[in-house]
Amino acid sequence: MPRFHCPTPLVEGQALALPAAAARHVQVLRLQPAQTIILFNGQGGEWDATITRMGRSDVEVVLGAHHATEREPARAVHLALGMPANERMDWLVEKAAELGVASLQPLHTAHSVLRLAGDRAMKKQAHWQSVAVAACEQCGGNRVPMVHPVSDVAAWLKALAPATAGQPGLRCLLSLAEGTQPLASALAQAPARAPVWFLSGPEGGLSATEDAQARAAGFLPVTLGPRVLRAETAALAALTLALG
């Protein structure tokens, strides 16, 4: 059954007009009155909904039963990464959302190829958020990951809450440096449901200064193995291991 994101309060029996993006999607699929769809607003669960009216550019529905269905991972995993170039970031956001990432933080780093600022950065953030929404509509996720505004890695690290000894979360820095701990070992030592933050560099990796700043912020350098992976591959591989 087709699923659509509707980021408004939803109540059983409510009649409402779908948001523009969802309405366009319903129109493209050539759905008709009396057909049933599924709506979710990102706050948990999903609703049956019946189409009652198809206008030229608007669609009206009546909400049916709410189902407290959750398909989210037991562990919240947050991914901060130096943005890869070209369309690879779109692909990464889509796949990370499908896998169940909790949030994404796009970063400028010393070796970043993609540079965004001002209106262009805001438009890219909105675009990536829409990519995450579409991925959740497709995969069955009922909670859309937040794509945060683009930030410089140094500013983002500085804004993080200090890591403390009693903090249950795990901070991991994907690193090619010698002597790093295998990610699988680091995850095995963390509580099963403890949140995880990953920091991953762009195509050229993090600079020595950025690496040192991340370690000072409580990030444990970890490795995914002896192979050198593309930036987007490394990020998704780490996410998959953490969610597994």
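Residues numbered from 1 in each chain as written. Predicted model: local features only at pLDDT ≥ 70, side-chain atom pairs only at ≥ 80, totals over all residues. Heavy atoms only, no water.

**Section: the packing of aromatic side chains**
For any two aromatic rings, the description comes down to two numbers: the centre-to-centre distance and the angle of the planes.
Now for step 1: Counting across every chain of the model gives one aromatic pair.
Now for step 2: An angle of 50° between the planes, with centres 6.0 Å apart, marks the rings of tryptophan 156 and phenylalanine 219 as tilted. Separated by 63 residues along the polypeptide, tryptophan 156 in helix α4 (residues 153-159) and phenylalanine 219 in the loop between α6 (208-216) and β13 (220-223) bring together distant segments of the chain. Per residue, the accessibility class of tryptophan 156 equals that of phenylalanine 219, and both read buried. (Phe/Tyr/Trp six-rings, centres within 6.5 Å; stacked < 30°, edge-to-face > 60°. Helix = DSSP H or I, 4+ residues; strand = E, 2+ residues; numbered from the N terminus. Buried < 20%, exposed > 50% of the residue type's maximum accessible area, 1.4 Å probe, protein only.)

**Description of a nonpolar patch on the surface**
Now for step 1: The grouping of Leu224, Leu229 and Leu241 at the surface amounts to a nonpolar patch, some 230 Å² of accessible area in total.
Now for step 2: Along the chain, leucine 229 falls in the loop between β13 and α7 (231-243).
Now for step 3: Classification of leucine 229 as partly exposed rests on a relative accessible area of 36%. (Patch = residues over 30% accessible without salt bridge, like charges linked within 9 Å, V, L, I, M, F, W, Y side chains within 5 Å. Areas by Shrake-Rupley, 256 points an atom, 1.4 Å probe, with all protein chains shown as cover. Salt bridge = Lys/Arg side-chain N within 4 Å of Asp/Glu carboxyl O.)

**A short note on the sheet that holds strand β4 (residues 46-54)**
Backbone-to-backbone hydrogen bonds join strands into a sheet, with any given pair of strands oriented parallel or antiparallel.
Now for step 1: Within the open sheet, the five strands sit side by side as β1-β3-β4-β5-β2. Their pairing is mixed. The open sheet terminates on both sides in strands that have one partner only, identified here as β1 (3-5) and β2 (15-17). For this sheet the average axis-to-axis angle between neighbouring strands, irrespective of direction, equals 40°.
Now for step 2: The pairing of β2 with strand β5 (residues 59-67) spans three bridges and is antiparallel. (Pairing = 2+ DSSP bridges. Axes fitted to C-alpha atoms, helices over the stretch in contact; angles between N-to-C directions.)

**Quick notes on the packing of helix α2 (residues 88-99) against helix α3 (residues 118-139)**
Now for step 1: Contact geometry for α2 and α3: axes closest at 8 Å, N-to-C directions at 40°. Regarding the angle of α2 to α3, the classification is oblique. Helix-helix and strand crossings are classified by hand; for α2 and α3 the assignment is right-handed. Contacts from Met89, Asp90, Val93, Glu94, Ala97 and Glu98 of α2 reach α3 at His127, Trp128, Val131, Ala132, Ala135, Gln138 and Cys139. (Parallel < 35°, antiparallel > 145°, perpendicular 65-115°, else oblique. Left-handed = near helix turned anticlockwise from the far one by under 90°. Contact = heavy atoms within 4.5 Å.)

**With respect to unusual backbone geometry**
Now for step 1: Of note, arginine 30 is a non-glycine position whose phi angle comes to about 60°, a positive value.
Now for step 2: Structurally, the position occupied by arginine 30 is in the loop between α1 (20-28) and β3 (36-40).
Now for step 3: With a phi close to 85°, alanine 34 is a non-glycine residue in the positive phi region.
Now for step 4: Locating alanine 34 in the fold gives a position in the loop between α1 and β3.
Now for step 5: Residue classification places alanine 34 among the exposed positions, given a relative accessible area of 62%.

**Focus on the environment of alanine 132**
Now for step 1: Inspection of the secondary structure puts alanine 132 in helix α3.
Now for step 2: For the pair alanine 132 and alanine 96, spaced 36 residues apart in sequence, the C-alpha to C-alpha distance is 8.3 Å.
Now for step 3: In this structure alanine 132 touches Val93, Ala97, Val144, Pro145 and Val147, once residues within four positions along its chain are discounted.

**Thoughts on the packing of α2 against α7**
Now for step 1: Where α2 meets α7, the axes come as close as 10 Å, and the angle between the chain directions of the two elements is 5°. As summarised for this structure, α2 and α7 are arranged roughly parallel, according to the angle between their axes. On α7, the residues that touch Arg88, Trp91, Leu92, Lys95, Ala96 and Leu99 of α2 are Glu232, Ala235, Leu236, Leu239, Thr240 and Leu243.
Now for step 2: When grouped by side-chain class, the residues that make up the contact of α2 with α7 number eight nonpolar, one polar and three charged. (Nonpolar A, V, L, I, M, F, W, Y, C, P; charged D, E, K, R; others polar.)

**Thoughts on the pattern of salt bridges**
Now for step 1: For the coordinates displayed, the defined rule picks out nine salt bridges.
Now for step 2: Notably, a salt bridge pairs glutamate 46 with arginine 3, separated by 3.2 Å at the nearest N-O pair. You can see glutamate 46 sitting in strand β4 and its partner arginine 3 sitting in strand β1, a full 43 residues away along the chain. As far as burial versus exposure is concerned, glutamate 46 and arginine 3 are alike and both buried.

**Some details on the layout of surface pockets**
Now for step 1: Taken as a whole, the largest pocket encloses approximately 400 Å³ of empty space.
Now for step 2: Lining of the largest pocket is provided by 21 residues; of these, Leu174, Ser175, Leu176, Gly205 and Leu229 occupy positions nearest its centre.
Now for step 3: Of all the secondary-structure elements, those providing two or more residues to the lining of the largest pocket are β13 and α7.
Now for step 4: A per-class count over the lining of the largest pocket returns ten nonpolar, seven polar and four charged. (1 Å grid on protein atoms, 1.4 Å probe; cavity = no way out; pocket = protein on both sides within 12 Å on 5 of 7 lines; lining within 4 Å. Points joined across faces, edges and corners; volume = space filled by probe spheres on them.)

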